[in-house]
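This is what each chain is made of:
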Amino acid sequence: MPGLASLVLADARFPGGGHVHSGGLEEAVSRGLVSSVDSLEGFLLGRLRTAGLVAAAFAAASVPVSAHCPSSGTSHSRPPLTCDDADVTRSRFAELDAELEARTPSAAQREASRAQGRGTLRAVRAAWPSPVLDDLVAVHPRPHHPLLVGAVCGVAGEPPGEAARCVAYLAVSGPASAAVRLLGLDPFAVNAVLVRLGPALESVVAEAVSAAGAPSSDLPAPGAPVLDLMAQAHVDQHRGRLRLFAS
Amino acid sequence: MSGDHTHQHGPTGQHGHGHLVSFDPTESEPDHHAAPPAQGRALRIGIGGPVGSGKTALVAALARSLGERVRLAVVTNDIYTTEDADFLRRNAVLPPERVEAVQTGCCPHTAIRDDITANLDAIDTLEERFASRDGQGLELVLVESGGDNLTAVFSRGLVDAQIFVVDVAGGDKVPRKGGPGVTTADLLVINKTDLAPLVGADMDVMTGDARRIRGELPVITQSLVEDPSAGEVGAWVLDRLATRVAA
C-alpha cells in the first residue's frame, strides 16, 4: 500500500523505542522553560525548524539511496540486477552519516538519534527485509534514525517527501507526547498544537525535499544551541537523578 | 480424516502442536507453547508487579543467592532514575557492570510489553559486554519492571519466563482481582508473608484465590525477612535454567 511505511514509522505505537525519548522536552520542563500549552508550542516550533529540518533533509536524501533496491518482502538475499550496487550504496550512506554527525554537535543528541535508529532497525528488519538495511548497518551498526527512515521509505517505494514528513512530524510529536506525560497537559490542546504546526511542517518538508538533491555537504545545517546544551545537560547533570526519558 | 486422529490439522495440512485452538475467554490453561529457542543467549526472566511489592528486594536476594553459581546480570526499569540499579550496586549485590538501567518515558508497562526496544538494547549491551570480556557470556538476565499495575505483563519477545510479585500488605484481595500478571505469569510470588498478622491479611484467602485463578501454574509465598536468600524462588529459577540447558 502506498504511503504505509511512513505512516507506520510515524505511528506512536510503532515499537522502535521512541516513547522513551522526549527530544529535550524533559530538560526544558525541569528548567521551567516549558510549563504550558503555549510554551510547548514555542518549543515545538523551534525544534521543528532546526532539528526537524535537519532530520527531514537527511531522511529525504536517504530515499534515493535505497530506492533502487525494493524490499524482497520475504527474503534477506540480495536479488540480482535490481540491487547489485552495494559499494555505491554504502559509500553514499557513509557520506550522509558523516554529514549528519557534523550537524549534530551534542553527543547526547547523536546518541539519541542512533538509539532510535537501532531500535527502529529491529522492527524494520521484520517488516521490510532488504539488503539495503545491511548496507546501512555496514556503515554503522547503530544507524542514525533519519537515514534509516529514508532507507525504509526508499525500499517501500515512497517518495522523499514522505520520509521527510515522517521524521519532521516525529520531531514534534515525540516531545508533544512527553509533555502530556510530564506536565499533565490537556491532550486535546496538545494535539491541536500539533495540527496548528501544519503549515510550518509543510514548509520544512518542502525545504528538505528541495535540498535533498544537492551534494550532502550542502544539506541544511540550522543550529539550535539551546537544544544542544539542554540535551547535553540532560545526560550530564541528571545522571542518576530524576530522569524519566532517555533524551 | 482417519479415525485415529484425535486432533485437528492446520489449514495447510501440517500437524499443529496437538491442541485444539480455544477461543473461550474464560479458559486459563497454562501456555503450552515451548519457550523461544535459546540460540546461545542468556535465559531472560522478567520480574513484574505493583509498586512496593518487593521486586527489587527479590532481585537482590536472587543476585546474592545465585550470583556465585550463575553468570547473571540485571536490567532495571525503575520509573524514576536509576534508583533500583543504585540500590543493587550500593549494596554490592552485583558489581556495577552487571546492572543496566533503562528509562521508560513514564510508561513502565509500555517498555516491557508494547515497545520492548529499550530493554532489548540493555540486554544486548550486557550480553555484548560479557561475551567480549571472558568469552563465556551470560547465563541469566533478570529484567525487573518498574512498579506498575495488575495489568502489566512482559512481552514474550522480551523474556522467556516471568515472575509476578504481589505482597500481603497490598491487601488479600489482590489475587482475586486477577489481571494478566496474576493470572498468566509463569510464577506468582506472594511476598512479605511476615506482615500478614500486622495488616490483617488472610494468607489462606490469598493462596486459595491464587491457586483457583491460576490452575496448575505455581504460587510461592515467601518472606525475605525470614528467608533472605529467597530459596524457593531461586530453586524455581535454577530449574528453569536446567530445563533450558537440557532442551
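The residue count restarts for each chain, going from 1 along the sequence in the order it is written. Labels are handed out in written order, letters beginning with A for the chains and numbers beginning with 1 for the ligands. Local features are withheld for residues below a pLDDT of 70 in this predicted model, meaning they are given only at 70 or higher, and side-chain atom pairs are given and counted only at 80 or more; totals for whole chains, interfaces and linings count all residues. Excluding hydrogens and water, the side-chain values take into account all heavy atoms of the structure.

Caption draft 1: Expanded view of the environment of V219 of chain B. Helical segments are the DSSP runs of H or I of at least four residues, strand segments are the runs of E of at least two, and each set is numbered from the N terminus. With respect to the helices, strands and loops of the structure, V219 of chain B is situated in strand β7 (residues 219–221). A sequence separation of 29 residues divides V219 of chain B from I190 of chain B, and the C-alpha atoms of the two residues are 7.4 Å apart.

Caption draft 2: Summary view of the confidence of the model for chain A. All names here are of chain A. For every residue, the predictor states its confidence as a pLDDT score lying anywhere from 0 to 100. Considering every residue of chain A, the mean pLDDT works out to 91; 92% of them sit at 70 or more. For chain A, the element scoring lowest by mean pLDDT is helix α11 (residues 225–236), at 90; helix α10 (residues 198–212) scores highest, at 98. In what follows, a contact means two residues having at least one pair of non-hydrogen atoms within 4.5 Å. Taken as a whole, residues 74–81 scores under 50 in pLDDT and shows 11 contacts with residues more than four places along the chain or in a different chain.

Caption draft 3: Representation of the pairing of strand β2 (residues 72–76) of chain B in the model. All names here are of chain B. Along β2, 5 of the 5 residues are buried, which leaves the element largely enclosed by surrounding structure. Covered by surrounding structure in β2 are L72, V74 and T76 together with A73 and V75, the residues of both alternating faces. Direction of pairing for β2 relative to strand β4 (residues 140–144): parallel, over a ladder of 5 bridges. Counterpart to T76 in the pairing with β4 is E144. With 3 bridges joining them, β2 and strand β3 (residues 99–101) adopt parallel strand pairing. Across the sheet, residue V75 finds its bridge partner in β3, namely E100. Only protein chains enter the area calculation, which uses a 1.4 Å probe; residues under 20% of their type maximum are buried, those over 50% are exposed, and those in between are partly exposed. Two strands are said to pair when DSSP picks up at least two bridges between them.

Caption draft 4: The arrangement of the sheet that holds β3 of chain B in detail. All names here are of chain B. Taken in spatial order, the 7 strands make up an open sheet running β3-β2-β4-β1-β5-β6-β7, and their pairing is parallel. A single partner strand is all that each edge strand has here, and the edge strands are β3 and β7. Across the sheet, the axes of successive neighbouring strands diverge by a mean angle of 20 degrees, strand direction being ignored. Taken together, the 5 bridges between strand β5 (residues 161–167) and strand β6 (residues 187–191) define a ladder with parallel strand orientation. If you follow I163 over to β6, its bridge partner there is L187. Here an angle of 0 to 180 degrees is reported between the N-to-C directions of two axes, which are lines fitted to C-alpha atoms, with helices fitted over the stretch in contact. Of the strands in this sheet, β5, β6 and β7 touch helix α8 (residues 203–214), which is tilted by about 170 degrees from β6.

Caption draft 5: Quick look at the pairing of β5 of chain B. All names here are of chain B. Burial of β5 is extensive: 7 of the 7 residues sit out of reach of the surface. Along β5, one buried face is formed by A161, I163, V165 and D167 and the opposite face, lined by Q162, F164 and V166, is buried too. The pairing of strand β1 (residues 43–48) with β5 spans 4 bridges and is parallel. Paired with G46 across the bridge in β5 is Q162.

Caption draft 6: Local environment of the packing of helix α7 (residues 145–155) of chain A against helix α8 (residues 160–183) of chain A. All names here are of chain A. The N-to-C vectors of α7 and α8 enclose an angle of 145 degrees; their axes lie 9 Å apart at closest approach. In the crossing of α7 with α8, the sense of the turn from one axis to the other is right-handed. Residues H145, P146, V149, G150 and C153 of α7 pack against A163, C166, V167 and L170 of α8. By the convention adopted, Pro, Cys, Tyr, Trp, Phe, Met, Ile, Leu, Val and Ala count as nonpolar, Lys, Arg, Asp and Glu as charged, and the other residues, Gly among them, as polar. Here the residues of the contact of α7 with α8 are counted per class, giving 7 nonpolar, 2 polar and no charged. Handedness of a crossing is defined here by the sense of rotation of the near helix relative to the far one, left-handed for an anticlockwise turn of less than a right angle and right-handed for a clockwise turn.

Caption draft 7: Main features of a nonpolar patch on the surface. On the surface, M1, L4 and L7 of chain A cluster together into a nonpolar patch covering about 340 Å² of accessible area. Relative to the elements of secondary structure, L7 of chain A occurs in helix α1 (residues 4–10). Each patch is built from residues that are more than 30% exposed by relative accessible area and take part in no salt bridge. Like charges join if they lie within 9 Å; nonpolar side chains (Val, Leu, Ile, Met, Phe, Trp, Tyr) join within 5 Å. Residue burial considers only the protein chains on display, and all accessible areas are found by Shrake-Rupley using a 1.4 Å probe. Salt-bridge detection follows one rule: a side-chain nitrogen of Lys or Arg within 4 Å of a carboxyl oxygen of Asp or Glu.

Caption draft 8: Summary view of the interface of chain A and chain B. Chain A puts 20 residues into the contact, and the matching count from chain B is 19 residues. Taking both partners together, chain A and chain B bury about 1600 Å²; carbon and sulfur atoms supply 56% of that area. By buried area we mean the combined loss of accessible area, with a 1.4 Å probe, across both parts when two parts are placed together. Among the residues of chain A in contact with chain B, H19, R122 and L244 of chain A are the three that bury the most area, contributing 38% of the side total. At the junction of chain A with chain B, the criterion picks out 4 salt bridges. The residue D121 of chain B makes a salt bridge to R118 of chain A at a minimum N-O spacing of 4.0 Å. For the side of chain A that touches chain B, the element with the highest residue contribution is helix α5 (residues 107–127) of chain A, accounting for 4 residues.

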